[in-house]
Amino acid sequence: MIEIKGVTKRYGETAVVDDVSLTIAPGGVTSVIGANGAGKSTLLSIVSRLTPADSGTVTVDGLDVTTTPSEKLARRLAVLRQENHMSVRLTVRELVAFGRFPHSGGRLTERDLALVDEAIGYFELDDLADRHLDQLSGGQRQRAYVAMVLCQDTDYVLLDEPLNNLDRRHSVQMMRRLRRMADDYAKTVVMVVHDINFASCHSDAIVAMKHGKVIAQGTTEEMMTPKVLKEVYDLDIDVHDINGSRIGVYYA
Amino acid sequence: MVVVGVAVACSSVLFQTVTGNRILTPGIMGFDRLFVLIQTLIVYVFGALTLTTTDPRLLFAGQTAVMVIFSLALYRWLFGRDGRDLYVLVLAGVVFGTLFGSLSSLAQRLINPNDFVVLQDSLFAGFNQVDPGLLAFSAVLVAAMAVWTARLSARLDVVALGRDTALNLGVNHASVVNQALVVIAVMVSVATALVGPVTFLGLLVANLARQLTGTFRHRTVLPAATLLSVIVLVGGQAVLEQVFGMNTALSVIINFVGGAYFIALLIREPRR
C-alpha cells in the first residue's frame, strides 16, 4: 500500500503539489490524470524518492521512502520518468540488464539473464537488442526503458507517461502488459496517462489532479462521467459505453 | 610517471562519470590550478619556512584535505542544479582555471623573494626531478585510491546513467558522487604535486579509452585509460628527448595534442 500524507512541494511561490493525501491500495492499476502542470509527475517523483517533498510523508508498505535505504526500496518499487536522457552509450540489452542491478549488484546470474531476455522478447526488442539507444526511434527507446523498469521485478511500478512516443499498437500492448502484471502477479501499477480512454479501458481506479491537489478519485466507473471530466479538464467530454468500456469523446 | 598516469586517468574518468559528460575533466575545470593556489596560499600565510621544515607528507595531507573540501564545494555549486549547459560549464572551467592561476601569481608576487624561490622549487617539480620520498608516499596513496575506485566501479556504472535512474536502481547517488569526488581530489593533488598541471592529458586518455574499448563499464575503461595514460606520458617523454632534444616541457606536447582533441570533441558533440 502506498500512503501519501499531507505532501507539499513548492517551486518558489507556487505549490506544485499542494497538501496531497492519498492512499493507493495494493494490486491493480491506478491512473493519474490531469491537465499539464497539475503536479502529476512531481507527485510521482516524490513517491519514488527522486524529488524530496517540502513537507508530508510517503510510505510504501509502511517504509518511509525518505529514510529507507535506497537499495531496499529499489527491490520493492521501480519508477520510470517522463524524460530519460543518458550521457553514456548503451545497447538495449545493457540498459535492460541494469534493471537487475538492485538484485544482483552488477553481477548477473543465469536467472537475471533469463529475465532480461524475457523482457526484451516481450517488448519485441529482439532485433534491436544489440543496437545503441541513440540509434533507436523515440518509441523504440521508450519500450527499452519500460523493459528495464519491468525487469526490476518490483511489487510497485510507477510510470510517468509510459505511452510516450508509442504508436497505437504498442500503446495497447503496453497497457495490456501492465494490466496482466497487475492481474497475474498482484503488482501495483501507478501511471500518469494523458489519454483518458486508455486510462478508462485498462485501470481499476483513477486519481484526478488539478492545480497541485487531488480533486477526485474513485473507480473507473465513478470517474468516467462528463461531470468529473469537465471539472478535471475544463472541457466538455461526452462519455459513451462502447463494448463495455466507457469512452470519452472530445476530439471535435 | 606511472603514478601520475594512474592518477590522471582515474580522476578524469571518474569526473566524467560523476558529471555525466564526456568533455569535462578536472584539468579543464581548473582543479589542478586550485591545488597550485592552495600551495601558494600556504606559503603566503605561513612563510616558506613552513614549507621546507614541515614533513612533506604532512604538508601534502593538509593540502589535499583543503583540496577535497574546495572541490566538493565547487562541484555542488556548479553541478548542483541539473540541466546546466555544457558550454556554460566549459566556460566556467576556463574562468576558474584562469582565476585560480591569476590568484596564485598575485600571491606569488606578494610574498618575499626568498619564499618565492622555495615555492617555485616545489611547484615546478616536473617529470625529471621528482622527490623520491614523496613519490613513494604518492604511490601508496594512489594505489589506495585505485582500490577504492575498483570497489566502486559497479555502482559507478549505474551513476553514469544519471541521478534518477541511479536512485531508481537503489544506488545512493549522492554518496557515490561524494566518494568519487574525494578520490578525484586526492588524485589530482598527487598528479599536480608531482608534475604540475597537465590540463588535457585526462581528457585525451579518458575519451580514447572509451572509444577503443567501446564500453561504459568502469571495470574495463579505468584500466584502459590508465594504460593509455602511461603510454602517452612515456611516449611523450621519448618524443621530447629524441625529437626536441629536451628543449621543451612534456606538458607542452601533451597539451598540444590534447587541446586539438578537445576542440574536435567540442565541435562534434551535438548541442543539447
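Residues numbered from 1 in each chain as written. Chains lettered and ligands numbered in written order. Predicted model: local features only at pLDDT ≥ 70, side-chain atom pairs only at ≥ 80, totals over all residues. Heavy atoms only, no water.

Per an unreviewed UniProt entry, chain A goes by Iron ABC transporter ATP-binding protein and derives from Nonomuraea aridisoli. According to its UniProt record, chain A has this under Subcellular location (unreviewed entry): "Cell membrane". (UniProt positions renumbered as here; feature names shortened; annotations may be inferred.)

A.B. asks: For this particular structure, what's the right way to read the overall build of chain B?
C.D. replies: Counting secondary structure elements, chain B contains 12 helices and 0 strands. Residues classed as buried in chain B amount to 54% of the 272 residues present. About 12,000 Å² of surface is accessible on chain B, with carbon and sulfur atoms providing 67% of the total. (Helix = DSSP H or I, 4+ residues; strand = E, 2+ residues; numbered from the N terminus. Buried < 20%, exposed > 50% of the residue type's maximum accessible area, 1.4 Å probe, protein only. Areas by Shrake-Rupley, 256 points an atom, 1.4 Å probe, with all protein chains shown as cover.)

A.B. asks: Looking at this structure, I do not really get the packing of aromatic side chains. What am I missing?
C.D. replies: For any pair of aromatic rings, the description rests on two quantities: the centre-to-centre distance and the angle between the ring planes. Enumeration according to the criterion identifies 6 aromatic pairs over all chains in this entry. Look at phenylalanine 98 of chain A and phenylalanine 216 of chain B: their rings are 5.6 Å apart centre to centre, the planes differ by 45°, and that puts the pair in the tilted class. Of this pair, phenylalanine 98 of chain A sits in helix 3 (residues 92-98) while phenylalanine 216 of chain B sits in the loop between helix 10 (201-213) and helix 11 (218-242), placing the two residues on different chains. Here phenylalanine 98 of chain A and phenylalanine 216 of chain B have matching classes, each one buried. Pairing tyrosine 250 of chain A with tyrosine 251 of chain A gives two aromatic rings, centres 4.6 Å apart and planes at 25°, and the pair type is stacked. Taking relative accessible area as the criterion, tyrosine 250 of chain A reaches 24% and is therefore assigned partly exposed. The exposed category is assigned to tyrosine 251 of chain A, whose relative accessible area is 64%. (Phe/Tyr/Trp six-rings, centres within 6.5 Å; stacked < 30°, edge-to-face > 60°.)

A.B. asks: How do you make sense of the pairing of strand 8 (residues 188-192) of chain A when you look at a structure like this?
C.D. replies: Looking along a regular strand, one sees side chains alternate from face to face of the sheet. Residue and element names in this part refer to chain A. The buried fraction of strand 8 is high, at 5 of 5 residues. In this sheet, strand 8 lies alongside strand 3 (residues 28-34) in parallel orientation, the contact comprising 5 bridges. Its bridge partner being in strand 8, serine 31 is matched across the sheet by methionine 191. Pairing of strand 7 (residues 156-160) with strand 8 involves 5 bridges; the strand directions are parallel. When the sheet's bridge partners are listed, valine 157 is paired in strand 8 with valine 189. Following the backbone out of strand 7, through helix 7 (residues 168-185) and into the adjacent parallel strand 8, one traces a crossover that is right-handed. (Pairing = 2+ DSSP bridges. Right-handed = clockwise from strand over helix to strand, strands pointing away.)

A.B. asks: So what exactly am I meant to see when it comes to the sheet that holds strand 9 (residues 205-210) of chain A here?
C.D. replies: Strand pairing within a sheet occurs via backbone hydrogen bonds; the two strands may be parallel or antiparallel. Residue and element names in this part refer to chain A. The sheet built from 6 strands is open, its strands ordered 6-7-8-3-9-10 with mixed pairing. Each of the sheet's edge strands pairs with one partner strand only, and the pair in question is strand 6 (77-80) and strand 10 (213-219). Each neighbouring strand pair of the sheet contributes to a mean axis angle of 15°, computed without reference to strand direction. Direction of pairing for strand 6 relative to strand 7: parallel, over a ladder of 4 bridges. Bridged to alanine 78 within strand 7 is valine 157. Where helix 6 (residues 138-151) meets the sheet, its contacts fall on strand 6 and strand 7, and the angle it forms with strand 6 comes to roughly 170°. Taken strand by strand, helix 10 (residues 226-233) contacts strand 3, strand 9 and strand 10, and its axis lies near 55° from that of strand 3. (Axes fitted to C-alpha atoms, helices over the stretch in contact; angles between N-to-C directions. Contact = heavy atoms within 4.5 Å.)

A.B. asks: Got a minute to help me understand helix 1 (residues 2-19) of chain B in this structure?
C.D. replies: Residues and elements named next belong to chain B. Taking 1.5 Å of rise per residue, 18 residues should cover 26 Å, and helix 1 covers 26 Å from first to last C-alpha, within 8% of that figure. Most of helix 1 sits inside the fold, with 17 of its 18 residues counted as buried. At the C-terminal side of helix 1, glycine 20 shows a positive phi close to 65°. (Expected span 1.5 Å × (residues − 1).)

A.B. asks: Quick question: what am I supposed to make of the UniProt feature "domain: ABC transporter" (unreviewed entry) in chain A here?
C.D. replies: Within the UniProt annotation, "domain: ABC transporter" (unreviewed entry) is assigned to residues 2-236 of chain A. Helix makes up 37% of residues 2-236 of chain A and strand 27%. Its end C-alpha atoms lie 32 Å apart.

A.B. asks: Whenever I open this one, the pattern of salt bridges confuses me. Can you help?
C.D. replies: Here the idea is simple: oppositely charged side chains can pair when their charged atoms come close. On inspection of all chains with the given rule, the structure shows 17 salt bridges over all chains. Among the ionic pairs, aspartate 18 of chain A bridges to lysine 213 of chain A, the shortest N-O distance being 3.2 Å. One end of the pair, aspartate 18 of chain A, is in strand 2 (residues 14-24); the other, lysine 213 of chain A, is in strand 10, and 195 residues separate them in sequence. One salt bridge in this structure joins aspartate 241 of chain A and arginine 246 of chain A, with 3.8 Å as the shortest N-O distance. A relative accessible area of 58% places aspartate 241 of chain A in the exposed class. When salt bridges that share partners are traced, they join Arg81 of chain A together with Arg163 and Asp164 of chain B into one network. (Salt bridge = Lys/Arg side-chain N within 4 Å of Asp/Glu carboxyl O.)

A.B. asks: When you look at the interface of chain B and chain A in this model, what are you seeing that I'm missing?
C.D. replies: Interface size is commonly expressed as the accessible area that is lost once the parts come together. Facing 20 residues of chain B, the contacting portion of chain A comprises 25 residues. Buried surface at the junction of chain B and chain A, summed over both partners, amounts to about 1,900 Å²; 60% is from carbon and sulfur atoms. When the buried surface of chain B facing chain A is broken down by residue, Leu161, Asn168 and Leu169 of chain B rank first, second and third, together holding 32% of it. Taken together, the connections running from chain B to chain A amount to 1 salt bridge. Taking the shortest distance from any N to any O, the salt bridge between aspartate 164 of chain B and arginine 81 of chain A comes out at 2.7 Å. (Buried area = accessible area lost by both parts, 1.4 Å probe.)

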